[in-house]
Amino acid sequence: MKNAKNQELTAISQMLRRNMTKEERHLWYDFLKSQPVVFKRQKVIGRYIVDFFCADAMLVIELDGSQHYSADGRQADALRDDYLKSRGLTVVRYSNLEVTQNFEGVCTDILRRIGR
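Residues numbered from 1 in each chain as written. Predicted model: local features only at pLDDT ≥ 70, side-chain atom pairs only at ≥ 80, totals over all residues. Heavy atoms only, no water.

Asker: In this structure, what is going on with the pattern of salt bridges? I would like to understand it.
Answerer: Oppositely charged side chains can pair when the atoms bearing their charge come close. This model, assessed by the stated rule, comprises six salt bridges. A salt bridge links Asp-81 to Arg-93; its shortest N-O distance comes to 2.9 Å. Of this pair, Asp-81 sits in helix H3 (residues 71–86) while Arg-93 sits in strand S4 (residues 90–95), and the two are twelve residues apart along the sequence. The exposure class assigned to Asp-81 is buried, which follows from its relative accessible area of 13%. By relative accessible area, Arg-93 is classed as partly exposed at 23%. In this structure, the salt-bridge partner of Asp-109 is Arg-113, at a minimum N-O distance of 2.9 Å. Here Arg-113 and Asp-109 lie together in helix H5 (residues 103–113), a separation of four residues that amounts to about one turn. (Salt bridge = Lys/Arg side-chain N within 4 Å of Asp/Glu carboxyl O. Helix = DSSP H or I, 4+ residues; strand = E, 2+ residues; numbered from the N terminus. Buried < 20%, exposed > 50% of the residue type's maximum accessible area, 1.4 Å probe, protein only.)

Structure (structure tokens):
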């Protein structure tokens, strides 16, 4: 049964890679893709799909749209973050607005977190 779930998540993650948000595309093509450490897009980790993952830094990057700021969204994000942290990962969240209005600051923060 576990494989079926992972296969389902893998198919969803592939679809999400093909249909990134404009903020995800901006961060990926204009910054993360060119880094000397490997970042993966829409990576399946356990029962979740994370926006970006760097195994070398044990870092998960999530870009949050408006749905993340509702009560349900905040609760779901807290459960997700707790799960990822229990696996030894650091989770950082940036709002779509931050990526749009403070791209350089977001990139600087990521560089700091990956030790560059």
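Asker: Please explain the nonpolar core as it appears in this structure.
Answerer: Most often, soluble globular proteins keep nonpolar side chains buried together rather than apart. Ranked by size, the top nonpolar core spans 20 residues in total, and within it Leu-27, Leu-32, Phe-39, Ile-61, Tyr-94 and Ile-110 carry the most contacts. Looking at this core, the elements with two or more residues in it are helix H2 (22–30), strand S2 (48–54), strand S3 (59–64), S4 and H5. It is H5 that contributes the most residues to this core, four residues altogether. Setting aside residues no more than four positions away along its own chain, Ile-61 makes contact with Leu-27, Leu-32, Phe-39, Asp-51, Phe-52, Val-92, Tyr-94 and Ile-110. In this structure, Tyr-48, Val-60, Tyr-83 and Leu-84 belong to the second largest nonpolar core, which totals nine residues. (Core = buried A, V, L, I, M, F, W, Y, C linked by side-chain atoms within 4.5 Å. Contact = heavy atoms within 4.5 Å.)

Asker: Help me understand H5 in this model?
Answerer: Helical periodicity: at 3.6 residues per turn, an α-helix aligns residues three or four positions apart in one direction. Among the residues of H5, those classed as buried are Phe-103, Val-106, Cys-107, Asp-109 and Ile-110. Within H5, the buried residues cover an arc of 160° as seen down the axis, which keeps them to one side. In H5, those exposed residues whose orientation departs by more than 90 degrees from the buried face are Glu-104 and Arg-112. Buried residues along H5 sit in contact with H2, S3, S4 and helix H4 (96–101). Taken from the residues just after H5, Gly-115 is the one with a positive phi, measuring 75°. (Arc of directions from axis to C-beta.)

Asker: I tried to follow the sheet that holds S4 on my own but got confused; where do I start?
Answerer: Across a sheet, paired strands are connected by hydrogen bonds in the backbone, their directions being either parallel or antiparallel. If you trace the four strands from one edge of the open sheet to the other, you get S1-S2-S3-S4, paired in mixed fashion. The open sheet is flanked by strand S1 (40–45) and S4, the only strands paired with a single partner. Along the sheet, successive strands turn relative to each other by an average axial angle of 45°, direction set aside. As paired strands, S3 and S4 are joined by six bridges and run parallel to one another. Looking across to S4, one finds that Leu-63 is bridged to Tyr-94. Relative to the sheet, H5 contacts S3 and S4, its axis offset from that of S4 by approximately 175°. (Pairing = 2+ DSSP bridges. Axes fitted to C-alpha atoms, helices over the stretch in contact; angles between N-to-C directions.)

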